[in-house]
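# A closer look at the structure
Residues per chain are reported as follows:
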Amino acid sequence: MLYRELPIIKGDGDTFVPATHPVVEEMPLSVTVNGRPALTAMTSPSMLREFVVGYLYTERIVRDLHDIESIRIEGNTASVLTKNPFAILTSHKTVLSGCGGSTTFLDAGHLPKIRSDLTLSPEVIRAATKETLDSDLHRITGGIHLVGLFDEEGRAIRIAEDIGRHNALDRVVGHGLLAGIDFSRTFAVCSGRISSEMVRKCLVANIPVIVSRGATTTIAVEAAKTGGLTIVGFVRSKKMNIYTGWERVRGAPPPADD
């Protein structure tokens with residue numbers, strides 16, 4: 001279960017009554033790699049294997065799925081062995097539910113560039129955004145982020161829910177790796193702001209397009225331009241803002257400064 005009914009005092013004007021309300025579950029997950037602490041994440045208690053695989057990949061601790069020898073998850077601990085037992089790790093990180101991602105300053109010049117000729121119709125983008133946001137858990141609790149991974153025809157490969165959008169993106173990336181998905185023919189949809197960290201993870205995974213119903217940031221846009229990633233924000237009804245990579249959205253003209 002991803003939520004629990006907790007007792008509350010419900011207020012309506014000047015009237016207060018005892019009640020219950022569904023609250024999303026949050027758990028710490030400690031990850032060790034080759035016996036060394038790598039990560040403590042505050043996350044939702046679902047798709048933990050996919051999360052670990054996706055995180056190791058988007059943080060470039062492993063280069064592909066074949067670098068992982070084994071993953072054992074017991075309670076709040078995940079133990080990973082890699083085929084290279086001397087794989088270098090950065091210092092231990094703590095990923096909080098409100099932010100997530102790497103503690104390292106983003107250097108777009110050292111990130112990989114997108115290798116894909118994917119193009120999408122506006123209709124596919126809008127339909128995938130609507131499908132991603134259609135979450136019973138979000139409607140019940142109001143406290144969850146969603147990320148969907150879709151193919152070029154707009155078919156959902158996997159939609160993940162988590163208290164943090166970065167964690168949810170790692171989950172769909174991990175699922176894609178385990179399922180042998182070609183990320184160059186996919187796009188990601190998220191419920192929250194497109195941050196520079198979301199952009200970094202897409203560049204590492206070679207996901208050419210990221211879409212959101214919400215906003216983005218200046219550093220995210222700069223990193224996306226450098227890496228050749230398409231950012232589409234504020235997808236609502238028939239409207240959308242294309243911040244970078246306009247050529248991947250069919251029918252979109254180049255911006256005035258191109």
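See the structure shown above.
The numbering scheme is per chain: residues are counted from 1 as the chain's sequence reads. Restriction of local features to residues with pLDDT of at least 70 applies here, the model being predicted, together with a cutoff of 80 or more for giving and counting side-chain atom pairs; totals for whole chains, interfaces and linings are based on all residues. Based on all heavy atoms of the structure, the side-chain values leave hydrogens and waters out of the count.

Our next topic: the overall build of the protein. Under the DSSP-based scheme used, a helix requires at least four consecutive residues in state H or I and a strand at least two consecutive residues in state E, with every element numbered from the N terminus. Along the protein, the regular secondary structure elements total 6 helices and 13 strands. Radius of gyration here uses only the C-alpha atoms, and the compact-globule reference equals 2.2 Å multiplied by the residue count raised to the power 0.38. Taken over C-alpha atoms, the radius of gyration comes to 19 Å for the protein, in line with the 18 Å a tight globule of 258 residues would show. Principal axes of the C-alpha set define a box for the protein whose edges measure 60 × 55 × 30 Å. Contacts are residue-level and defined by heavy atoms, with any inter-residue pair within 4.5 Å sufficient. By sequence separation, contacts in the protein at least 24 residues apart represent 53% of the contacts at least 6 residues apart. In the form shown here, the protein has an accessible surface area of approximately 12,600 Å², with 53% of it arising from carbon and sulfur atoms. Calculation of accessible area relied on Shrake-Rupley with a 1.4 Å probe; when residues are assessed, cover is drawn exclusively from the protein chains displayed.

Moving on: the environment of Met198. Among the secondary structure elements, Met198 is positioned in helix α5 (residues 196-205). For every residue, the accessible area obtained with a 1.4 Å probe (protein chains only) is divided by the maximum for its type, and the residue is called buried under 20%, exposed over 50%, and partly exposed between those limits. Its relative accessible area of 0% is what places Met198 among the buried residues. Beyond its immediate sequence surroundings of up to four residues, Met198 is in contact with Val147, Arg165, His166, Leu169, Cys190, Arg193 and Ile210.

Turning next to helix α4 (residues 165-179). Expected span, for any helix, means 1.5 Å times one less than how many residues it has. Counted at 1.5 Å a residue, the expected span for α4 with its 15 residues is 21 Å, and the 21 Å between its end C-alpha atoms agrees. α4 sits mainly inside the fold: 13 of its 15 residues count as buried. Residue Gly180 follows α4 closely and has a positive phi angle near 70°.

What follows deals with the environment of Glu74. Structurally, Glu74 can be placed in strand β5 (residues 68-74). For Glu74, a relative accessible area of 53% corresponds to the exposed category. Counting along the chain gives 45 residues from Glu74 to Leu29, while the straight-line C-alpha distance between them is 9.8 Å.

Viewed as axis vectors pointing N to C, helix α1 (residues 48-58) and α5 meet at an angle of 85°, and their least axial separation amounts to 9 Å. Taken as axis vectors, α1 and α5 run roughly perpendicular relative to one another. Taking contact as the criterion, the partners of Tyr55, Tyr57 and Thr58 in α1 are, on α5, Arg200, Lys201, Val204 and Ala205. Under the scheme applied, nonpolar residues are Ala, Val, Leu, Ile, Met, Phe, Trp, Tyr, Cys and Pro; charged residues are Asp, Glu, Lys and Arg; polar residues are all the others, including Gly. For the contact of α1 with α5, the class distribution of residues is 4 nonpolar, 1 polar and 2 charged. Note on definitions: angles span 0 to 180 degrees between N-to-C directions of axes, and those axes are lines fitted to C-alpha atoms, for helices only across the stretch in contact. Here the angle decides the label: under 35 degrees means roughly parallel, over 145 means roughly antiparallel, 65 to 115 means roughly perpendicular, and every other value means oblique.

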